[in-house]
Amino acid sequence: MKKLYIETLGCQMNKSDSERISGILSHFGYQETDNQKEADLLIINTCSIRQLSADKAYSQLGVWGKRKKDKPELKIAICGCVAQQDKDKIRKRAPYVDLIFGTHNIYELPALIKKIENNEKVCAITNVPFAENQNNFQINRKDSVNAWIPIIEGCNNFCTYCVVPYTRGRERSRIPEEIIKEAQNIIKQGFKEITLLGQNVDSYGKDLNNPNITLANLLRSLNKLEGKFRIRFVTSYPSDITDDLIKAVDECEKVCRYFHIPMQSGNSRILKEMNRRYTKEEYYNIVHKIRNKFDGVTITSDFIAGFPSETEEEFNDTLEAMEELELDYSNTAAYSPREFTKAGKMTEKFIPDDVKSARLERLNAKNREMALLSNKKFSGKILNVLVEEQTVKDNKVILNGRADNNKIVHFESEKYKIGDFVNVKINKAQTWCLYGEPVD
Ligand code: SF4
């Protein structure tokens, strides 16, 4: 077997793609390794959501290019969002790259690999997905407890700061039968958690022209599958969370009480500039609706600091929203202009870097405050934890896992193992995690 090394940058969708790439290549004589120095084929799966991630990809290619000078038979490939967007730039900056393939070309890999093995330089970037039944391909899943299932790819929303509609294309849902079959296999293999993935997961089914195909109904179907396992879904678009989806989460005992709903800004004018299809008030209503329905639910979000033209007062609305809604945790980032996007062209409205950094610092401080507040609410409560990891510290076995509401919990025990569901009484809350002890 030849050795394959994959470096994955970016989101869960990229991680899921890398698992698929590894699975496909395992049928063509490539075994994945964690040691890039022993690899015969190096692949970088890239992210272009921020300039920093794209820069990382080029810098990694530079390192690999130097290695290829000493080992000319080494093959180098680049895929993912940077590849989809920047094929000409890659050819110029890294002419030693053997294969550039786009987000739509993963299932074309068997043919592409054959070509580079015959010393051809290949660039396969299409705007139309390579049509294949995904269930025909093996997936080398990295995690032993959680399995990702992409259910919808692409996005139709065109938020003015985002490259996803350009790199992943328009929304394409997989048919429910295919997803259910993949879920059945996953459960048979012993996975205890399924995470349904989509850039805009609540839009699932809209492109399939059948009103019965919705995320809510998919959750209902998956919930009926036999076995003890959990179901999660990410990422939600605020105004696409329907009453029926909330009802389905309530009805289905296997679906976690956890919603990731990016707000991006707490100010309605900025939301309009971002082309987000909701106002601050509408976002508040959705959060209140979910909080009123479920006890102990966690709601997490994403925010951007320093979007073009954002004033200090408008930024303060974001801090206020985090606090008023008691958001349990948020991913934060300073605005990063992206090529092709509308906001990327608003150069005269760009916020200076030092102002963006100062706002990001304040956003992070508020985030830490809210995360601690959220964790403290669980002190003394019992959470059902799925064990994901085991470590030994000072001769004690420490188990780490996540509760149904996605809270990270650590506890000491020699009785349980990875994959077990354990009731844990929380006795200490810190900013990023909870500590407790198992109870019967
Ligand atoms: S909804 Fe998400 S993925 Fe789609 S354009 Fe907006 S930020 Fe990008």
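Residues numbered from 1 in each chain as written. Predicted model: local features only at pLDDT ≥ 70, side-chain atom pairs only at ≥ 80, totals over all residues.

### What to know about the overall build of the chain
Part 1 of the argument: In terms of helices and strands, the chain carries 13 helices and 18 strands.
Part 2 of the argument: Here the C-alpha coordinates of the chain stretch approximately 60 × 60 × 55 Å along the principal axes.
Part 3 of the argument: Burial analysis of the chain (440 residues in total) assigns 44% to the buried set.
Part 4 of the argument: Looking at the chain alone, contacts between residues at least 24 apart form 72% of all its contacts between residues at least 6 apart. (Helix = DSSP H or I, 4+ residues; strand = E, 2+ residues; numbered from the N terminus. Buried ≥ 20, exposed ≤ 12 C-beta atoms within 10 Å, placed from the backbone. Contact = placed C-beta atoms within 7 Å.)

### Digging into the environment of Ala39
Part 1 of the argument: If you trace the backbone, Ala39 turns up in the loop between strand S2 (30-32) and strand S3 (41-46).
Part 2 of the argument: Along the chain, Ala39 and Ser16 lie 23 residues apart, while their C-alpha atoms are 21 Å from each other.
Part 3 of the argument: Filtering out sequence-adjacent residues up to four positions away, Ala39 remains in contact with Lys3, Leu4, Tyr5 and Thr33.

### Examining the site of the ligand
Part 1 of the argument: Around the ligand, the structure places Cys155, Asn157, Phe158, Cys159, Cys162, Val164, Pro165, Gln199, Asn200 and Tyr237.
Part 2 of the argument: When its residues are assigned to classes, the shell around the ligand shows 7 nonpolar, 3 polar and no charged. (Near = placed C-beta within 6 Å. Nonpolar A, V, L, I, M, F, W, Y, C, P; charged D, E, K, R; others polar.)

### Observations concerning the sheet that holds strand S7 (residues 146-153)
Part 1 of the argument: Taking strand neighbours across the sheet as the criterion, the 4 strands line up as S8-S7-S9-S10 in an open arrangement whose pairing is mixed. The open sheet has two edge strands, strand S8 (172-173) and strand S10 (230-234), and neither has a second partner.
Part 2 of the argument: Sheet topology note: the S7/S8 ladder contains 2 bridges and is antiparallel. Across the sheet, residue Glu153 finds its bridge partner in S8, namely Arg172.
Part 3 of the argument: Against the sheet, helix H1 (residues 12-25) engages S7, strand S9 (193-198) and S10, with an angle of about 105° to S7.
Part 4 of the argument: Sheet strands touched by helix H7 (residues 176-188): S7 and S9. Its angle to S7, the strand with the most contacts, is close to 175°. (Pairing = 2+ DSSP bridges. Axes fitted to C-alpha atoms, helices over the stretch in contact; angles between N-to-C directions.)

### Examining the pairing of strand S17 (residues 421-429)
Part 1 of the argument: In terms of strand pairing, strand S14 (residues 382-393) meets S17 through 5 bridges, oriented antiparallel. Counted as the bridge partner of Val385 is Val422 from S17.
Part 2 of the argument: With 5 bridges joining them, S17 and strand S18 (residues 434-438) adopt antiparallel strand pairing. Bridging from a neighbouring strand, Val424 pairs with Pro438 of S18.
Part 3 of the argument: Where S17 folds back onto S18 in an antiparallel hairpin, the turn is made up of 4 residues.

### A few points about the domain arrangement of the chain
Many structure descriptions define interface size as the accessible area lost when the parts assemble.
Part 1 of the argument: In terms of domain boundaries, the chain breaks down into domain 1 (2-124), domain 2 (134-376) and domain 3 (382-438).
Part 2 of the argument: For domain 1 versus domain 2, the separation of C-alpha centres amounts to 28 Å.
Part 3 of the argument: Taken together, the contacts link 22 residues of domain 1 with 19 residues of domain 2.
Part 4 of the argument: Of all the secondary-structure elements, those providing two or more residues to the side of domain 1 that touches domain 2 are H1 and helix H3 (81-85).
Part 5 of the argument: With 9 residues, H1 is the single largest residue contributor to the side of domain 1 that touches domain 2. (Domains from an automatic or database assignment.)

### Observations regarding the packing of H7 against helix H8 (residues 215-223)
Part 1 of the argument: Orientation of H7 relative to H8, taken along the N-to-C sense of each, is 35°, at an axis distance of 11 Å. At the point where H7 passes H8, the crossing takes the right-handed sense. Within the contact between the two elements, H7 uses Pro176, Ile179, Ile180 and Ala183 and H8 uses Leu218, Ser221 and Leu222.
Part 2 of the argument: Split by residue class, the contact of H7 with H8 holds 6 nonpolar, 1 polar and no charged. (Left-handed = near helix turned anticlockwise from the far one by under 90°.)

### Digging into the sheet that holds strand S6 (residues 122-124)
Part 1 of the argument: Taken together, the 6 strands give an open sheet; going across it, the order is S2-S1-S3-S4-S5-S6, and neighbouring strands pair in parallel fashion. At either end of the open sheet lies a strand with only one pairing partner, and these are S2 and S6. Going from strand to strand, the sheet's axes swing by 20° on average, the running direction of each strand aside.
Part 2 of the argument: In this structure, S3 lies alongside strand S4 (residues 75-80), joined through 6 bridges in parallel fashion. By the bridge assignment for S4, Ile43 is matched with Ala77.

### Details of helix H11 (residues 280-293)
Part 1 of the argument: With 14 residues, H11 extends 20 Å between its outermost C-alpha atoms, agreeing within 8% with the 20 Å of an ideal straight helix rising 1.5 Å per residue.
Part 2 of the argument: Burial in H11 covers these residues: Lys280, Tyr283, Ile286, Val287 and Ile290. Each buried residue of H11 lies within a common arc of 130° when the element is viewed along its axis, so the set occupies one face. Among the exposed residues of H11, those pointing more than 90 degrees away from its buried face are Glu281, His288, Lys289 and Asn292.
Part 3 of the argument: Looking at the packing, one finds that the buried side of H11 touches helix H9 (243-251), strand S11 (258-260), helix H10 (268-273), strand S12 (298-305) and helix H12 (312-324). (Expected span 1.5 Å × (residues − 1). Arc of directions from axis to C-beta.)

### Regarding unusual backbone geometry
Part 1 of the argument: For the peptide bond that leads from Val234 to Thr235, omega is 0°, which places it in the cis range.
Part 2 of the argument: The backbone phi angle of Asp394 is positive, close to 50°, even though this residue is not glycine.
Part 3 of the argument: By the secondary structure assignment, Asp394 is in the loop between S14 and strand S15 (396-403).
Part 4 of the argument: Look at Asp394 and you get exposed, because 5 C-beta atoms sit within 10 Å.
Part 5 of the argument: Its identity is not glycine, yet Asn406 carries a phi of approximately 75°, on the positive side.
Part 6 of the argument: Given 19 C-beta atoms within 10 Å, Asn406 falls into the partly exposed group.

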